Amino acid sequence: MTRRSVLMGAAIAALLVAVPALAAEPDLPRKSIELVAPPFVHPHEQATKEGPKIVQFKMTISEKEVVIDDAGTKFQSMTYNGSMPGPMMVVHEGDYVELTLVNPATNTMPHNIDFHAATGALGGGALTNVNPGEQVVLRWKATRSGVFVYHCAPQGMIPWHVVSGMSGTVMVLPRDGLKDRDGKPLRYDRIYYVGEHDLYVPRDQDGKYKSYPSLAESYSDTLEVMRKLTPTHVVFNGRVGALTGKNALTAKVGETVLIVHSQANRDTRPHLIGGHGDHVWETGKFANPPEKNLETWFVRGGSAAAALYTFLQPGVYAYVNHNLIEAAELGATAHVKVDGEWSDDLMKQVSPPGPIVPGKVGAIETGTVAK
Amino acid sequence: MRLATEIGMALAAAVVTAAATVVGMAWLEPATTPVLPHTVVAVAPGEVHYRPAGDYTVAGRPAAAPLRTVRRDRPLVIMTRQVTRAEYAACVSASACPAIAGAGAGATPDRPMVGVSFRDAVAYAEWMTRTTGVVHRLPTDDEWVFAAAEKADTEAGPLIAVDDPIRAWLARYEAESSRAVVDPAPQPVGAFGANSRGLVDMAGNVWEWTTTCFERSALKPSGEAQPLTTNCGVRVVQGQHRSYMTDFIRDPKAGGCAAGLPPANLGIRLVVETDGGDGGFGLRLLDRMARGVQGLLFDGS
């Protein structure tokens, strides 16, 4: 595919979009927010006493080669603001999101954005097609609370853009904050944002991953791998190990953490090894009561989920996609380092690994009787 | 724990390299001359101070492995470099080693063989023994540490302390996380340099199988270790750090709950048995090496 034909396709698509009826400019205060890269989220109020606002964000699209594993596998990515996933935007229900989407002339592809949280025009996709060297401003009203995926959806190439990195999350909080099943307020001390991507990297005859000098040259081979529906990598935040080791998440015993997990393309099932989901919005929408005490929660492809957990024990936790093949072999693993005091009541190693002692059960010597 | 440097200084390492061809060698000393397709180093007798492999407990709680001194009273004859892809391929051609596709695929034949399990490595050693008449085997963990000298790292990271196991667990995670990521692509022989014994590529990007089994021991107050359980389904592999590996694994991985970095590759470096049990070839080899006879061995690669 040549760049020219791609651009022409986008131009034709733009002509087909009807000009929508324009509503009056909402007379609301404006607020501009600087986005931050995942797994972090820009500062925000969890509940607000203020009235609705127009919240302005700006994202710049970046096409770039990235490394996606420790073997140095190179990948032609397309990203919102340079990160996989794109940054999280947080607003409150009733606010307006006003996004300036920039496609710099250094890029080669047309792009756009489809907000699952927005209403109409393919989630904004039909109104945001930008060629390299263009920008667009879209405003939409956040009428439903929850965590929602956004992703690129250009004509004829939607899945390729999504599995190349172009997805992210919007969180629309209820104005009075999160609540448990009984309507009691819930708060978090930290928020972590995990974006999962399934990646499809072509291999050569020897089975080695191929690299390409440009996005366009990677297209047909990549599409062939995509059509087999078997990803070569399943990663959190853009690469194997993006959230482990030196990049592991941190928390303290007693802290409550909200983990938002998005997957724009494919089903996944987060699980916190050694912990739980105290309150989980599995479908990600805060108007529904959260489920309690989950072990694993299901994130439908094309959606985001939110799980609230208060850490009770120190140590290293693994946060995985509990298809463990995808976690251990393909990369879908994060770690949380939790500092604090250990509770022997919750767990204790009664006797360490050692030889099998016939007739001995637990810590009680044979022949003794528990009173 | 590293080897005391004075030990390394005291050791005379003799490297035998060859100028002769196979034909030339046969002419030199027909019928009795061992012909090896690789160069070897004879590391002179000496002591090695190290912490042995395995898990240790004191009164049921995790403890550091004890410091041990092992006295070697005969030279250790060990390959100068790791087995190459071409050498392993010859074993496959002879139907003595399993063909392996995987790690290192596409690397040129002169690069170190990687992606081998313990079982593959043993098959290669047995084949080398049959084809040369000289007993070859994998080293033990302490032989490897002795040969590696300053390249050996027998600390398995901060140990889980008795009083605050979780803080120690986190500390170990930090330490393992700070290990540099190793590019696993097989490099030319010698790319990682030679150690003080003249062995090349020790602790490079290929970890080497040893015969040492995983052992769990209790330490008595006297410092004496009492073995509790031994698992020979898991062997020690040695390289930049010591690791324990199930014997059929060819391509080690981390992931899931596992923290830290696994060995980048698994490969082979053999020792030559010199206990005289092979009809004296190994001993004769040593004798000639001591007299500086050149052309006894040749590097077939």
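Criteria and thresholds
- Residues numbered from 1 in each chain as written.
- Chains lettered and ligands numbered in written order.
- Predicted model: local features only at pLDDT ≥ 70, side-chain atom pairs only at ≥ 80, totals over all residues.
- Heavy atoms only, no water.
- UniProt positions renumbered as here; feature names shortened; annotations may be inferred.
- Helix = DSSP H or I, 4+ residues; strand = E, 2+ residues; numbered from the N terminus.
- Buried < 20%, exposed > 50% of the residue type's maximum accessible area, 1.4 Å probe, protein only.
- Contact = heavy atoms within 4.5 Å.
- Areas by Shrake-Rupley, 256 points an atom, 1.4 Å probe, with all protein chains shown as cover.
- Buried area = accessible area lost by both parts, 1.4 Å probe.
- Salt bridge = Lys/Arg side-chain N within 4 Å of Asp/Glu carboxyl O.
- Polar contact = N/O pair within 3.5 Å; in protein donor to acceptor, adjacent residues only side chain to side chain.
- Pairing = 2+ DSSP bridges.
- Axes fitted to C-alpha atoms, helices over the stretch in contact; angles between N-to-C directions.

Per an unreviewed UniProt entry, chain B goes by SUMF1/EgtB/PvdO family nonheme iron enzyme and derives from Rhodoplanes serenus.

As recorded in an unreviewed UniProt entry, chain A goes by Copper-containing nitrite reductase and comes from Rhodoplanes serenus. Under the Subunit (unreviewed entry) heading, UniProt states for chain A: "Homotrimer." One UniProt comment on chain A, placed under Subcellular location (unreviewed entry), says "Periplasm".

Trainee: Please give an account of the overall build of chain B that cites residues and values.
Mentor: In terms of helices and strands, chain B carries seven helices and 13 strands. Considering chain B as a whole, with its 301 residues, one finds that 47% of them fall into the buried category. Across chain B, contacts joining residues at least 24 apart in sequence account for 72% of those joining residues at least 6 apart. Total accessible area on chain B stands at roughly 12700 Å², and carbon and sulfur atoms take up 57% of it.

Trainee: Give me the interface of chain B and chain A: which residues, what numbers.
Mentor: With 24 residues of chain B in contact, the opposing surface of chain A contributes 29 residues. For the pair chain B and chain A, the two sides together bury roughly 2000 Å², of which 63% comes from carbon and sulfur. Put simply, chain B and chain A have one salt bridge between them. For the salt bridge of A:K337 with B:E174, the shortest nitrogen-to-oxygen distance reads 2.6 Å. In this structure, the connection of chain B to chain A is made through three residue pairs in polar contact (both at pLDDT 80 or more). Secondary structure elements with two or more residues in the side of chain B that touches chain A: helix 6 (165-177) and strand 10 (225-238) of chain B.

Trainee: Outline the sheet that holds strand 12 (residues 190-199) of chain A, supporting the account with residue identities and numerical values.
Mentor: Residue and element names in this part refer to chain A. The six strands lie next to each other as 13-12-15-19-17-18, forming an open sheet whose pairing is mixed. Edge positions in the open sheet fall to strand 13 (233-236) and strand 18 (291-294), since each of these has one partner strand only. Along the sheet, successive strands turn relative to each other by an average axial angle of 25 degrees, direction set aside. The sheet contact formed by strand 12 and strand 13 spans four bridges and is antiparallel. Note on strand 13: the bridge partner recorded for D198 is V234.

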